[in-house]
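Here is how the chains run, residue by residue.
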Amino acid sequence: MSNTKEIKISVRNLVEFILRSGDLDASFRSMSRAVEGTRAHQKVQNAQDTNYEAEVTLKHKLEHEGFTFLIEGRADGIITEPCSICIDEIKSTTKPLESIDENYNEIHWAQAKVYAYIYALQNELDTIDVQLTYFQLETEKVKNIRKTFTFSHVEEFFCGIVDRYIIWARLTSDWCKLRDLSVKDLTFPFEKYRIGQRELAVSVYRTIKDQKKLFAQAPTGIGKTISTLFPTVKAFSEGHTSKIFYLTAKTITRQVAEEAFIKMREKGLRFKTLTLTAKDKICFKEERNCDPEYCEYAKGHFDRINGAILDILQNEDELSRRGIESYARKHHICPFELSLDLATWVDALICDYNYIFDPRVNLKGLFEFHNNDCTFLVDEAHNLVDRAREMFSATLYKKPFLDLKKVFKEDEPRIAKALDRLNKYMLKVKKLCEEKDFYIQKEMFEDILYLLNRLISESEEFLAEKKGKKGYQELLELFFDCLSFIRIAELYDDRYVSYVEKENKDILLKMFCLDPSYLLREAVKRGKSAIFFSATLSPIEYFKDILGGDIEDKSIILPSPFDQNNLCLMIASSISTKYKDREYSYYAVADYIKANISQKLGNYLVFFPSYKYMQEVYERFEEKYPEYRTIIQGNIMNEEQREDYLRAFEENPKIPLVGFAVMGGIFGEGIDLKGNRLIGAIIVGVGLPQICLERNIIKDYFNEKNNNGFNYSYIYPGMNKVLQAAGRVIRTEKDKGVVLLIDERFNYASYKRIFPREWNHRINIKSEEEMIQTLEKFHQKN
């Protein structure tokens, strides 16, 4: 919400917001309609006489009810005739022209009448004509519907629209006063700052004020979330930003951000926050289908949406998932669409990375609405590297083209032909692999784009009109995959490669983004400042480089606020967990786990670099030490199974518990087992990603770029998982626990360089006996 009584809004947005009505219908619409609409406009405009002026910008400033309205837009055409002036509004349509009359669409008239008022006012006209020009896309025939209005009529209409908007203007103005007064009086919501917390908060504030980027490594326990949100809220009230985006990769970190705002509200803060939930998760229906015939919440959605927005804004500051669902049910509207509409009105959004960075789904209109005056707080920023690579990449498989060709062969021969061409293309590129399982080239496979566009063109009519027919859903999914591929192709440059890979009995073709730094840097330009922070941004220069930092961007590494004597950190370097040595290590690792957990009753987590390695050691541990209670992470776990796994870590257990988990997985970061719910972590291996085609392509690219390929592709991502896993143990200043690192490579210089500074008290142990002695001393002291 803007901190001013000046309201700048387009004619179209004003009219559509006030007058929208009817059903929400997200059924398929032709992707080419926007292009066809532009073509229709141009065709109509080019066919006019010299008395026709196209694309005329009209602006109007109005003082009304204590507000200054700045309203502007572009009229499609203005026709100057000897005895009259006519505002022309052009609309393309697929409907038969005979079915369109003057009552066809109120909003079409409304937009033109607002332009008519502005023009008549500025040119002192007593009457003015308005014409709706409908262009039928298939026949290319035109229908004109023209009316003459008095100035008093269009003035009354315009003032009526503005009067209906006043309630929103007043809501905004009143809220801004209330919010800014509360921020002015807001104090830090804890008794005192922890070590490093004030330094982080000051750095965040200065970064926003200076419209820069900051990269901050802030260890677990420092209170990263409140240390970034509190100064950002302060900067907000001082006019340094007008919208906050708190971006995360996981639901649990979204909850931490919500809790930080709750803490500040307890200190008197009034601030409207919205948590965006994915459409699949928040939809009320079993099948996500926004057809008003299927979904009662889509039926008449726009008749009720503005009332719902007003209701929730007048009564709530925290717009969480639960709140959105509650108001959506109360007003009988779509919860996802409600949340998207609310995004314009709130002060802060808590949402996934993709709403900002993914070129296919980001909230472009929201940045434009706020003139890019936004701040991005990127939590757990280490996760953004691989997420960005995927967001900026695109993949196609051969199998869907072949399968759907068979489905459409009889009834839709033109679609089948387009699918067949793509199937043959995939067979052609498969030959490039020759005897290998893959083929890589730096250039894009440009010749496939024409074939994809042909399929899109041939499929549109079927998808728009034949819902429910055989193959519809599969073709719809393939349609959007093809569209995504074409969009990503627009981003392709020397930071990409294209590759073909044989995968089981299928073939995939991928445009793979190796270095997301440039595209992330461009995405961040949608705002004015960005803070990238995590407990594990080590080495920070790597993350600064790969996440799109510039030379002038600042970075800080903050110390842990906890007494390092609370952590017993040991390295067992006598065991190799390299891939070639793993099968010889299973029993040795199992014995080290047993020796570690036998020294103190409690709950322990053991992290492995892969599911297979975990399973092998788990089976041997179970066989050799059946007296211990164990749980193991499943390959696929639903939310309930994850909760059950974490619930097993009880306070003050009567029997030792050993949880087996995978590094970098769902229990490797983001979980918060405070106190004695977790007293130890055993980390097996240095976490290197599995050797695969993509990791090797990344390695080769960065070897060529900066001679740092193995580090960028394997070591840094792997050690990030290790540091995250180790960070599960000490969560508060009262926590005490043990971390055991098992692998000879933890003593290599290339790995030790990445260790945090608070690990300088680590102890190297050469045997189980030496470890037991070390643990006895530690537990006696603690």
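Residues numbered from 1 in each chain as written. Predicted model: local features only at pLDDT ≥ 70, side-chain atom pairs only at ≥ 80, totals over all residues. Heavy atoms only, no water.

Draft legend 1. Focus on the pattern of salt bridges. Enumeration according to the criterion identifies 53 salt bridges in this entry. Between R179 and D347 there is a salt bridge whose closest N-O contact spans 2.8 Å. Of this pair, R179 sits in helix α4 (residues 151-184) while D347 sits in the loop between α11 (335-342) and β11 (348-352); the two residues are 168 residues apart in sequence, bridging distant segments of the chain. Judged on exposure class, the residue R179 and its partner D347 are both buried. (Salt bridge = Lys/Arg side-chain N within 4 Å of Asp/Glu carboxyl O. Helix = DSSP H or I, 4+ residues; strand = E, 2+ residues; numbered from the N terminus. Buried < 20%, exposed > 50% of the residue type's maximum accessible area, 1.4 Å probe, protein only.)

Draft legend 2. A look at the packing of aromatic side chains. Taken as a whole, this structure holds 42 aromatic pairs when the rule is applied. Geometrically, the ring pair formed by Y499 and F512 is edge-to-face, given 6.3 Å between the ring centres and 90 degrees between the ring planes. One end of the pair, Y499, is in strand β15 (residues 496-503); the other, F512, is in strand β16 (residues 506-513), and 13 residues separate them in sequence. What makes F512 buried here is its relative accessible area of 2%. Pairing Y542 with Y716 gives two aromatic rings, centres 4.9 Å apart and planes at 55 degrees, and the pair type is tilted. One end of the pair, Y542, is in helix α20 (residues 540-546); the other, Y716, is in helix α25 (residues 709-726), and 174 residues separate them in sequence. In this pair, the class of Y542 matches that of Y716, namely buried. Every member of this aromatic cluster is reached through a ring pair, and the members are Y586, F608, Y613, Y618, F621, Y625, Y628 and F660. Above the ring of F284, the side-chain terminus of R329 is found at 3.8 Å from the ring centroid. Directly above the aromatic system of Y587 lies the positively charged group of R620, at a separation of 5.6 Å from the ring centroid. (Phe/Tyr/Trp six-rings, centres within 6.5 Å; stacked < 30°, edge-to-face > 60°. Lys NZ or Arg CZ within 6 Å of the ring centre and 35° of its normal.)

Draft legend 3. View of the side chain of T275. Relative to the helices and strands, T275 resides in strand β9 (residues 273-275). Note on T275: relative accessible area 9%, which makes it buried. Of the polar contacts made by the side chain of T275, one reaches the side chain of E258; its length is 2.5 Å. Setting aside residues up to four positions removed in sequence, T275 forms contacts with R254, E258, L319, S320 and I350. (Polar contact = N/O pair within 3.5 Å; in protein donor to acceptor, adjacent residues only side chain to side chain. Contact = heavy atoms within 4.5 Å.)

Draft legend 4. Quick peek at the state of the cysteines. On inspection of all chains with the given rule, the structure shows zero disulfides. Here C295 stays unpaired: no disulfide links it, and the sulfur of C283, its closest cysteine neighbor, is 6.1 Å away. Lacking any disulfide linkage, C513 is separated from the closest cysteine sulfur, that of C692, by 16 Å. With a relative accessible area of 0%, C513 lands in the buried category. (Disulfide = S-S within 2.5 Å.)

Draft legend 5. Structural context of the sheet that holds strand β20 (residues 603-608). Across the sheet, which stays open at both edges, the seven strands sit in the order β21-β22-β20-β23-β24-β19-β25 with parallel pairing between neighbours. Whereas interior strands pair on both sides, the edge strands pair on one side only; in this sheet they are β21 (629-632) and β25 (763-765). For this sheet, the mean angle separating the axes of adjacent strands, direction not counted, is 20 degrees. The pairing of strand β19 (residues 567-572) with β25 spans three bridges and is classified as parallel. Looking at β25, one finds that M570 is bridged to I763. Lying over the sheet, helix α22 (residues 611-624) contacts β20, β21, β22 (657-662) and β23 (680-684), oriented at roughly 160 degrees with respect to β22. (Pairing = 2+ DSSP bridges. Axes fitted to C-alpha atoms, helices over the stretch in contact; angles between N-to-C directions.)

Draft legend 6. Summary view of the packing of helix α3 (residues 106-122) against α4. At their nearest, the axes of α3 and α4 sit 9 Å apart, and the two run at 120 degrees to each other. For the element pair α3 / α4, the angle class is oblique. Of the two elements, α3 crosses α4, and the hand of that crossing is left-handed. In contact with A110, K113, V114, A116, Y117, A120 and L121 of α3, α4 contributes F151, H153, V154, E155, F157 and F158. (Parallel < 35°, antiparallel > 145°, perpendicular 65-115°, else oblique. Left-handed = near helix turned anticlockwise from the far one by under 90°.)

Draft legend 7. Broad picture of unusual backbone geometry. At the junction of S538 and P539, the peptide bond is cis and its omega measures out at 0 degrees in the coordinates. Counting through the fold element by element, P539 comes out in the loop between β17 (529-534) and α20. Backbone geometry places E55, a non-glycine residue, at a positive phi of 55 degrees.

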